[in-house]
Amino acid sequence: MNWEVGSGLNIGVILLTVIIVAAMLIWVERRLLSLWQERLGPNRVGPFGLLQVVADMIKIFTKEDWVPPFADKFSFVLAPAIIMVAILLSFAVVPFAPGVGVIDSNIGVLFVLAMASIGAYSVMLAGLSSDNKYALLGSLRAAAQMISYEVFMGVSLLGVVALSGSFNLREIVLAQADGWYVIPQFIGFVIFLIAGIAESHRLPFDIPEAEQEICAGYHTEYSGMKFGMFFVGEYLGLVLISSLITVLFFGGWMGPEFLPPIIWFVIKSFIFIAFFILLRAAIPRPRYDQLMSYGWLFLLPLSLLNLLVTGAIILST
Amino acid sequence: MLKLIQDTLTSQVHTLWLVFKHAFVKADTVQYPEEAPYMSPRWRGRIILSRDPDGEERCVACNLCACACPVDCIALQKAEDEDGRWYPEFFRINFSRCIMCGFCEEACPTNAIQLTPDFEMAEYVRQDMVWEKEDLLINGTGKYHDYNFYRVAGKSIKGKDKGEALNEAEPVNVRSLLP
Amino acid sequence: MSLLFYLAAFVAVISTVAVILQTNVVHALIYLILSLLSVAVIFYVLGSPFAAVLEAIVYAGAIMVLFLFVIMMLNLGQHTRDQEKKWLSLKGWILPCLLAGVLLFQLVSVLSSYDQNMAPETVGVLEVSALLFGPYVLAVELASILLLAGLISAYHLAKK
Ligand code: SF4
Ligand code: SF4
């Protein structure tokens, strides 16, 4: 077959690192938000409050893990697992640096999209099985939002795929050796960024879990570690989107020689993570119908146009 | 469409930039238990009962504060000593109900009850949130240093007869025919 | 590879049976998704990664989501479950089982006449697209026109 499986050690290290980074992001996000809101943020537990994550973990593990009696137990338990598995599987195709990565798949980009669409089930099942009107409303919104933004996400990526001529993420990075794709594909980049936020339902597109309107949306009934999995899943999604942007538009691990490639990758991804947190600090949440019409009436034509123009340019040169 | 793009650029990106600039501003909050924040003198916090400049209790047990209190957390009982002064026999504030609205201070005719800039009054036992007169009464005049209710009121007490108060005329002898 | 194939096939068969026997609609849908995903794995093993991801994206990822969406709106309770249980009686099973058995027999006899080559060469995205936009371009265009018509009529109905 045309793929290489990384060694077991490689897989284990990547899995652990990704999960730990996602957990640390809880602290990073709170510190950065407080920086932009002129507060101090969590700084008590350990140096700079770094151990806050550990404290949160202890808290969430020792909390009562309660399944409401009216819930559909099978789907209720299944839902948080799906989102974790789907997002962690997507990391399998992300090339972190030369030689670092789980598999080199010929269908990497499509695989990520497939996993994103599997992830939508998590949210829907969670809302449906909770038997709670806020949860149901949240998951209805989530379902509509996720399947529509998946479309723009896919179409916005096709420009990059057409330029590099491959669905393989590693080859896409290598194809950017003489120029990052953010320059020819700037519109694609912006659309992917917006769709990525909507896909991982982060603020400002956290309409499925808008606290002020529908409690906590689809995870209203969740507690303990099941809630924790949704929570970490959201941050995993953030890491995934940031590293995908790095890979697809900003040349992945490429950078001047004086730093090792993996460091370049981490730096670039972190810039996008920080940007997502800045978005959360600055931009208010749009209304639900605004989000949908913005997507279908503005982003879809724009991304199709982008694809068309890219194709025309590729054919003419 | 063009307008939407323009709005995005001028409004959203501008917002992002403005919020980003806050990264270089000093934080407004302080490290609380080690570093005390500045409290304005008129902050409405822990309630005290003050004394007048002579060192006597100011409260005359008129119950106006208890009436004004929107959450009914003040309870007191009037008593009278031998020289005619009224005073509260007990004076109880339930701080687990008090909302620090300051209405009691507004209502008090004698400036006895006052709110102070102190908020550190958490307790582990809820019963400890009920403060008695001994806990509330301080040895000072609080915010109003010269005010002495009995020196301006018409009521006679020991050492101050009718007509001896500030800005008060001698009482008119209605039985006398002399001018 | 063939172990992977048999594993996926096993999961697919079991979960498809579970779809039929399940009386709770949501659970049945979850099993259906599982079955579709294992079919995607089978595609992958048989050397068609593109078909595999498309199966995951389009069937499991989009169409099933719409099914779930509709079920969410319907508010199915205990009574539908009871109704389903009633329909699963032995009497209703005999004829479909017989017919399915005949089909299975035909399938097996046809398949056994082929020589089984388990691992043909991989068909990549490029080959598939070259075929789609080469010899089959008319079919692709017709299908997309059909979809467009569906889209427009759905829009029209929603506008009313
Ligand atoms: S501050 Fe308000 S609530 Fe508290 S005792 Fe005074 S009147 Fe009552
Ligand atoms: S504190 Fe003031 S208002 Fe309250 S009873 Fe005493 S004198 Fe009256």
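Residues numbered from 1 in each chain as written. Chains lettered and ligands numbered in written order. Predicted model: local features only at pLDDT ≥ 70, side-chain atom pairs only at ≥ 80, totals over all residues. Heavy atoms only, no water.

Chemist: In this structure, what is going on with the site of ligand 1? I would like to understand it.
Modeler: Contacts to ligand 1 come from 13 residues, most closely from Cys-69, Cys-98, Cys-101, Gly-102 and Cys-104 of chain B. Broken down by class, the residue content of the shell around ligand 1 amounts to 12 nonpolar, one polar and no charged. (Near = heavy atom within 4 Å. Nonpolar A, V, L, I, M, F, W, Y, C, P; charged D, E, K, R; others polar.)

Chemist: Would you take a moment to explain the pattern of salt bridges for this structure?
Modeler: Residues and elements named next belong to chain A. Inspection of every chain in the model, using the stated rule, returns 17 salt bridges over all chains. Between Arg-30 and Asp-56 there is a salt bridge, with the nearest N and O atoms lying 3.4 Å from each other. Here Arg-30 is found in helix α1 (residues 8-36), whereas its partner Asp-56 is found in helix α2 (residues 52-62), with 26 residues between them in sequence. When its relative accessible area of 34% is taken as the criterion, Arg-30 is described as partly exposed. The closest approach of N and O atoms between Asp-65 and Lys-226, which form a salt bridge, is 3.1 Å. Here Asp-65 is found in the loop between α2 and α3 (73-90), whereas its partner Lys-226 is found in helix α9 (residues 224-249), with 161 residues between them in sequence. The partly exposed category is assigned to Asp-65, whose relative accessible area is 41%. (Salt bridge = Lys/Arg side-chain N within 4 Å of Asp/Glu carboxyl O. Helix = DSSP H or I, 4+ residues; strand = E, 2+ residues; numbered from the N terminus. Buried < 20%, exposed > 50% of the residue type's maximum accessible area, 1.4 Å probe, protein only.)

Chemist: Explanation requested: the pairing of strand β3 (residues 86-94) of chain B in the structure shown.
Modeler: Two faces, one strand: in a regular strand the side chains alternate between the faces of the sheet. Residues and elements named next belong to chain B. By the bridge criterion, seven bridges tie strand β2 (residues 74-80) to β3 in an arrangement that is antiparallel. Bridged to Ile-74 within β3 is Ile-93. In textbook terms, the turn of a hairpin is the stretch between consecutive antiparallel strands, and for β2 and β3 this stretch comprises five residues, one of which, Gly-84, has a positive phi near 100°. Strand direction decides the pairing type here: β3 and strand β5 (residues 130-131), joined by two bridges, are antiparallel. Its bridge partner lying in β5, Ile-93 is registered against Trp-131. (Pairing = 2+ DSSP bridges.)

Chemist: For this particular structure, what's the right way to read the interface of chain A and chain B?
Modeler: You'll often see interface size given as the accessible area lost when the parts meet. Contacts between chain A and chain B engage 15 residues on the former and 20 residues on the latter. Taken together, the two surfaces of chain A and chain B that pack against each other cover about 1600 Å², and 65% of this comes from carbon and sulfur. Looking at the side of chain A facing chain B, the largest losses of area belong to Trp-36, Glu-38 and Arg-44 of chain A, adding up to 38% of the total buried there. Between the two partners, chain A and chain B, sit one salt bridge. Note that Arg-44 of chain A is salt-bridged to Glu-34 of chain B, the shortest N-O span being 3.0 Å. The interface formed by chain A and chain B holds six residue pairs in polar contact (both at pLDDT 80 or more) in total. Those elements giving two or more residues to the side of chain A that touches chain B turn out to be α1, α10 (261-282) and α11 (288-316) of chain A. No other element matches the five residues that α10 of chain A contributes to the side of chain A that touches chain B. The residue inventory of the side of chain A that touches chain B, partitioned by class, reads 11 nonpolar, one polar and three charged. (Contact = heavy atoms within 4.5 Å. Buried area = accessible area lost by both parts, 1.4 Å probe. Polar contact = N/O pair within 3.5 Å; in protein donor to acceptor, adjacent residues only side chain to side chain.)

Chemist: Is there a simple way to think about the site of ligand 2 in this case?
Modeler: In the vicinity of ligand 2 lie 13 residues, with Cys-59, Cys-62, Asn-63, Cys-65 and Cys-108 of chain B positioned nearest. Here the shell around ligand 2 is built from residues that sort into 11 nonpolar, two polar and no charged.

Chemist: For this particular structure, what's the right way to read the interface of chain C and chain A?
Modeler: Tallying the contact residues gives 25 residues for chain C and 25 residues for chain A. In this assembly, chain C packs against chain A so that about 2400 Å² is buried in total across both faces, 83% of it on carbon and sulfur atoms. Our enumeration of links across chain C and chain A arrives at three residue pairs in polar contact (both at pLDDT 80 or more). Residues belonging to the side of chain C that touches chain A are distributed by class as follows: 21 nonpolar, four polar and no charged.

Chemist: Explain the domain arrangement of chain C to me, please; I cannot follow it from the model alone.
Modeler: Segmentation of chain C into domains returns domain 1 (3-90) and domain 2 (124-160). Centre-to-centre separation of domain 1 of chain C and domain 2 of chain C, based on C-alpha positions: 25 Å. (Domains from an automatic or database assignment.)

Chemist: Honestly, the nonpolar core in this entry has me stumped. Any pointers?
Modeler: Across soluble globular proteins, nonpolar side chains have a tendency to be buried as a group. Counting residues in each nonpolar core, the largest one holds 127 residues, and the members touching the most others are Phe-91, Ile-245, Leu-248 and Phe-249 of chain A. Looking at this core element by element, the count peaks at 15 residues for helix α4 (residues 108-130) of chain A. Beyond its immediate chain neighbours, meaning those up to four positions away, Ile-245 of chain A contacts Phe-189, Phe-192, Leu-193, Phe-250, Phe-272 and Phe-276 of chain A. Ranked by size, the runner-up nonpolar core spans 24 residues in total, among them Ile-47, Phe-91, Trp-131 and Leu-136 of chain B. (Core = buried A, V, L, I, M, F, W, Y, C linked by side-chain atoms within 4.5 Å.)

Chemist: Just to check I follow, could you spell out the sheet that holds β2 of chain B for this structure?
Modeler: Strand pairing in a sheet relies on backbone hydrogen bonds, with the paired strands running either antiparallel or parallel. Read across the sheet, three strands follow the order β2-β3-β5 (chain B) without closing on themselves; strand pairing throughout is antiparallel. In this open sheet, the two edge strands, each paired with only one partner strand, are β2 and β5 of chain B.

Chemist: Even after reading the chapter, I still don't get the arrangement of the chains, so can you show me in this structure?
Modeler: The highest contact count of any of the two pairs of chains in contact belongs to chains A and C. Without any contact between them, chain B and chain C keep their closest C-alpha atoms 21 Å apart.

Chemist: Whenever I open this one, helix α7 (residues 186-199) of chain A confuses me. Can you help?
Modeler: Two residues of an α-helix separated by three or four positions point the same way, owing to the 3.6 residues in each turn. All names here are of chain A. For α7, with 14 residues, the first-to-last C-alpha span of 19 Å sits near the 20 Å given by 1.5 Å per residue. Judged by how many residues are buried, α7 sits mostly within the fold: 11 of 14 residues are covered. The complete set of buried residues in α7 reads Gly-188, Phe-189, Ile-191, Phe-192, Leu-193, Ile-194, Ala-195, Gly-196, Ile-197, Ala-198 and Glu-199. Packed against the buried residues of α7 are α4, α5 (133-164), α9, α10 and α11. (Expected span 1.5 Å × (residues − 1).)

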